[in-house]
Amino acid sequence: MKRVLTGGFLSLLGSIWALTILLVASNHLVSEWSSFPGRLLTSVSKLNLTFMFGISVFFVFLGVGLMLAECFRKENR
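Computed from a prediction, not measured in an experiment: that's the story for all the values here.

Draft legend 1. Summary view of the nonpolar core. Ala 18, Ile 21, Ala 25, Val 44 and Phe 53 together form the largest nonpolar core, which totals five residues. Looking at this core element by element, the count peaks at three residues for helix 1 (residues 2–27).

See the structure below:
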């Protein structure tokens, strides 16, 4: 049960961080960008928020992974 709560907290924290970074980047969009990452991710890169965005996405995946691992774990009684 503790892993489910920890996973939920980490995924919630990561998603809030990612949303905040994307909102900041959407308010400061670049005027020129290449076609691969797109305008929004190029704005994240130009604002030097790539590392923080990567950490927030990692927290989301880590939290979801912890919750899924706990759901499929068999308990020994």
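And the narrative resumes.
Draft legend 2. Up close: helix 3 (residues 50–71). For helix 3, which comprises 22 residues, the first-to-last C-alpha distance of 32 Å matches the rise-based estimate of 32 Å (1.5 Å per residue) to within 8%. Looking only at helix 3, the buried set comprises Phe 53, Ser 56, Gly 63 and Glu 70. On an axial view of helix 3, the arc spanned by its buried residues comes to 135°, and they lie on one face. Helix 3 presents Phe 51 and Phe 61 as exposed residues on the side facing more than 90 degrees away from its buried surface.

Each value, and the rule that gives it
- Residues numbered from 1 in each chain as written.
- Predicted model: local features only at pLDDT ≥ 70, side-chain atom pairs only at ≥ 80, totals over all residues.
- Heavy atoms only, no water.
- Core = buried A, V, L, I, M, F, W, Y, C linked by side-chain atoms within 4.5 Å.
- Buried < 20%, exposed > 50% of the residue type's maximum accessible area, 1.4 Å probe, protein only.
- Helix = DSSP H or I, 4+ residues; strand = E, 2+ residues; numbered from the N terminus.
- Expected span 1.5 Å × (residues − 1).
- Arc of directions from axis to C-beta.

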